[in-house]
Amino acid sequence: MALRVVVMRRLEVFSRRRVVRFVASPPVPPSSHLQSGVEALKALEAASLSRRQAEAVVVAMAKILDDVALRQQDVVATKAYVQAVNAELNERIFNSQIKGDVAQRHLRELMEKDLRNLRGDLRTEERKDYADLLAQIQNIEKAVLKKASDDDRRIESMMTEQAHLETRILRYIFGGVLASLGGLATIALAAARLFM
């Protein structure tokens, strides 16, 4: 009886969670026990028990069998119960699969959003780096052009100084040559005056 109470309590808890109801198999009718009981009665009478004792034993056995049948009803599941439990399990599996699919879809959406944000950040960083590189290249070009113009000015000033030096040297050379020629001419004239 205690086992039946425990099983029934579990079934009540189970039925509260779900709308599934436990449908017990119909009890075994006592008349089926009577046919085997008549045979048992004849066997007991043949074993030298009085009719009354044999009937008492058969009735006790019938009660025991009825009690066993009732206990079996609480323990043994019916086809309808198994189908209900199977349906509930299928529903739970389906729901968990749906939840898993929804979670995967949500995770995929989050990952795609993160990837889009990351791509945007990378493009922004790339544009910033490109702008920095362009600015550096322009600064280098300006520095190279400035140095080239400074070098051109230096070369030009050196060339003008060289031209001035060449002119001065040529003046000194021509001046020296003219002065020596003038000195020689003077000496030659002085010598010519002496000899004359």
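No experiment lies behind these values; they were computed from the predicted model shown. Here the residue numbers are simple positions, counted from 1 along each chain's written sequence. A pLDDT threshold of at least 70 governs which residues receive local features in this predicted model, and a stricter bar of 80 or more applies before side-chain atom pairs are shown or counted, although totals over entire chains, interfaces and linings include all residues. The basis for every side-chain value is the complete set of non-hydrogen atoms in the structure, without hydrogens or water.

Quick look at the overall build of the chain now. Counting from the N terminus, the helices are the DSSP runs of H or I reaching at least four residues and the strands are the DSSP runs of E reaching at least two. When its secondary structure is counted, the chain shows four helices and zero strands. N-terminal to C-terminal, the α/β element order of the chain is α-α-α-α. The burial tally for the chain puts 9% of its 196 residues in the buried class. Whether two residues are in contact is decided by their heavy atoms, any of which lying within 4.5 Å being enough. A sequence separation of at least 24 residues applies to 67% of the contacts in the chain between residues at least 6 apart. Here the open area of atoms and residues is found with the Shrake-Rupley method and a 1.4 Å probe, where only the protein chains shown may cover a residue. For the chain, the accessible area works out to roughly 16,800 Å², and carbon and sulfur atoms hold 63% of it. Each residue gets one of three labels from its accessible area relative to the maximum for its type: buried under 20%, exposed over 50%, partly exposed in between, using a 1.4 Å probe on protein chains only.

Another point: helix H3 (residues 51-75). To estimate the expected span of a helix, count its residues, drop one, and scale the result by 1.5 Å. Taking 1.5 Å as the rise per residue, H3 with 25 residues should run 36 Å; its terminal C-alpha atoms sit 36 Å apart, in good agreement. Restricting attention to buried positions, one finds in H3 the residues Ala54, Val58, Ala69, Gln73 and Asp74.

A few words on a nonpolar patch on the surface. Where nonpolar side chains cluster on the molecular surface, the patch consists of Leu165, Ile169, Leu170, Ile173, Phe174, Val177, Leu178, Leu181, Leu184 and Ile187 and spans about 990 Å² of accessible area. For Phe174, the position within the fold is in helix H4 (residues 79-195). Since its relative accessible area comes to 53%, Phe174 is described here as exposed. Patch membership is restricted to residues that have no salt bridge and whose relative accessible area is over 30%. Joining uses 9 Å for like charges and 5 Å for the nonpolar side chains Val, Leu, Ile, Met, Phe, Trp and Tyr. Whenever a carboxyl oxygen of Asp or Glu lies within 4 Å of a side-chain nitrogen of Lys or Arg, that contact is scored as a salt bridge.

A separate point is the pattern of salt bridges. Under the defined criterion, the tally for this structure stands at four salt bridges. Note that Glu55 and Arg51 form a salt bridge whose closest N and O atoms lie 3.3 Å from each other. Of the two residues, Glu55 and Arg51 are both situated in helix H3; the distance of four residues between them amounts to about one turn of the helix.

Attention now goes to a positive patch on the surface. On the surface, Lys113, Arg116, Arg119, Arg123 and Arg127 cluster together to form a positively charged patch. On the secondary structure map, Arg116 appears in helix H4. Positive charges come from Lys and Arg alone, negative charges from Asp and Glu alone, with His and the N- and C-terminal ends not counted. To locate a charge, take atom NZ for lysine, CZ for arginine, CG for aspartate or CD for glutamate.

This part takes up the confidence of the model for the chain. Close reading of the predicted structure is inappropriate where its pLDDT is low. Scored between 0 and 100, pLDDT is the confidence that the predictor attaches to each residue. This prediction gives the chain a mean pLDDT of 78; 81% of its residues lie at or above 70. Put simply, helix H1 (residues 2-17) is where the chain has its lowest mean pLDDT, 43, and H4 is where it has its highest, 89. Contacts for the low-pLDDT stretch residues 1-28, under 50 throughout, to residues beyond four places or in other chains number 30 contacts.

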